[in-house]
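Structure at a glance
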Amino acid sequence: MQIVLATRNKGKIKELERIFAEELPDVHLLGTDSFPGLADVQETEDSFEGNALLKAKAVSDFTHLPAIADDSGLAVDHLAGAPGIYSARYSGIHGDDEANLQKVLREMEGVSNRRAQFVCAAAFAAPNGYTHVLRAQMEGALITEPRGENGFGYDPIFLPSGYLQTTGEMAPELKDLISHRGKAMRALAHLISQEQEKWRN
Ligand code: ITT
């Protein structure tokens, strides 16, 4: 069975490949690189769920294969949920992880309430019109100085509740176990494996 991963974010691709190898070992995951004509999908919805579905549907329509997408981000309590759905382009440049992280650190200077969550909406869309989307999150707090070389995005400043390492310092396998994307994608993988007769035709 082939499923397309609707993302160009290399950090996410690595995580998703590990998670799916465990949950759906008979699935062969294709990256969007296998489809040269595929244009980037504009994230025009106002929710994580809406954007994840938009990406999954667009890639499934183009490839005529089932597709999985996520829309994820960091929601900071003191910033009223920002950067939220704008996490990948918070500094103004899409995908500039360092600039995005520095902007959050500046806005949090001297702030004592440092609670934050990573949120992930995971979506699946099949050529026959079947879709499913679900959400999971990981609670934590922001530290003041980046720590760790693993992961991507805001990982070096995110300390998950109950842990002493940032997600940027954690072994990737531990991050998968507790992360927003790990939880959402395992639940999605489980569901699509249970509902195969609804979308495999
Ligand atoms: P695709 O849309 O191609 O999947 P993207 O990087 O644009 O890639 P999103 O719109 O979902 O992805 O934005 C996610 C951003 O949120 C990402 O660029 C990071 O800055 C942040 N983020 C999401 N999950 C994260 C994680 O596990 N660790 C650190 N930062 C994360």
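Residues numbered from 1 in each chain as written. Predicted model: local features only at pLDDT ≥ 70, side-chain atom pairs only at ≥ 80, totals over all residues. Heavy atoms only, no water.

**Re the side chain of Ser87**
Within the secondary structure layout, Ser87 lies in the loop between β3 (67-76) and α3 (97-107). Ignoring sequence-local partners within four residues, the contact set of Ser87 consists of Ser72, Gly73, Leu74, Asn100 and Tyr154. (Helix = DSSP H or I, 4+ residues; strand = E, 2+ residues; numbered from the N terminus. Contact = heavy atoms within 4.5 Å.)

**Looking at the pairing of strand β5 (residues 131-142)**
Note on strand geometry: in a regular strand, side chains alternate between the two faces of the sheet. Looking at chain direction, strand β4 (residues 115-125) and β5 are connected through 11 bridges and run antiparallel. Within β5, the position partnered with Cys120 by the bridge is Ala136. Hairpin geometry of β4 and β5 is characterised by an intervening segment of five residues between the two adjacent antiparallel strands and by a positive phi of about 100 degrees at Gly129. Both β5 and strand β6 (residues 158-160) contribute to a ladder of three bridges, which runs antiparallel. Each bridged residue has a counterpart across the sheet, and for Leu142 the counterpart in β6 is Phe158. (Pairing = 2+ DSSP bridges.)

**Section: the site of the ligand**
The local shell around the ligand holds 20 residues, among which Thr7, Lys12, Lys55, Lys175 and Arg181 are the closest. The side chain of Asp71 places a nitrogen or oxygen atom 3.2 Å from an oxygen atom of the ligand. Within the side chain of Arg181, an N or O atom sits 2.7 Å from an oxygen atom of the ligand. Against a free-state accessible area of 610 Å², the protein chains account for coverage of 94% of the ligand. For the ligand, the cavity whose grid points lie within 2 Å of the majority of its atoms is the largest pocket. (Near = heavy atom within 4 Å. Polar contact = N/O pair within 3.5 Å; in protein donor to acceptor, adjacent residues only side chain to side chain. Areas by Shrake-Rupley, 256 points an atom, 1.4 Å probe, with all protein chains shown as cover. 1 Å grid on protein atoms, 1.4 Å probe; cavity = no way out; pocket = protein on both sides within 12 Å on 5 of 7 lines; lining within 4 Å. Sits in = over half its atoms within 2 Å of the grid points.)

**Re helix α2 (residues 48-63)**
In a regular helix each residue adds 1.5 Å, so 16 residues correspond to 22 Å; α2 covers 23 Å between its end C-alpha atoms and thus fits that length. Within α2, burial applies to Phe48, Gly50, Asn51, Ala52, Leu53, Lys55, Ala56, Val59, Ser60 and Thr63. On its buried face, α2 is in contact with β1 (2-5), α1 (10-23), β3, β4 and β5. (Expected span 1.5 Å × (residues − 1). Buried < 20%, exposed > 50% of the residue type's maximum accessible area, 1.4 Å probe, protein only.)

**A look at the layout of surface pockets**
By rolling a water-sized probe across the atoms, one finds the places where empty space is left. The computed volume of the largest pocket comes to approximately 850 Å³. Where the lining of the largest pocket is concerned, the elements lending two or more residues are α2, β3, α3 and α5 (180-194). With four residues, β3 is the largest single contributor of residues to the lining of the largest pocket. Broken down by class, the residue content of the lining of the largest pocket amounts to 11 nonpolar, 12 polar and 11 charged. Taken as a whole, the second largest pocket spans an internal volume of roughly 160 Å³. Lining the second largest pocket are Gly11, Lys14, Glu15, Arg18, Asn150, Gly151, Phe152, Thr167, Met170, Pro172 and Lys175. Those elements that place two or more of their residues in the lining of the second largest pocket are α1 and α4 (172-178). Sort the elements by how many residues they give to the lining of the second largest pocket and α1 lands first, with four residues. Among the residues forming the lining of the second largest pocket, the class breakdown is three nonpolar, four polar and four charged. (Points joined across faces, edges and corners; volume = space filled by probe spheres on them. Nonpolar A, V, L, I, M, F, W, Y, C, P; charged D, E, K, R; others polar.)

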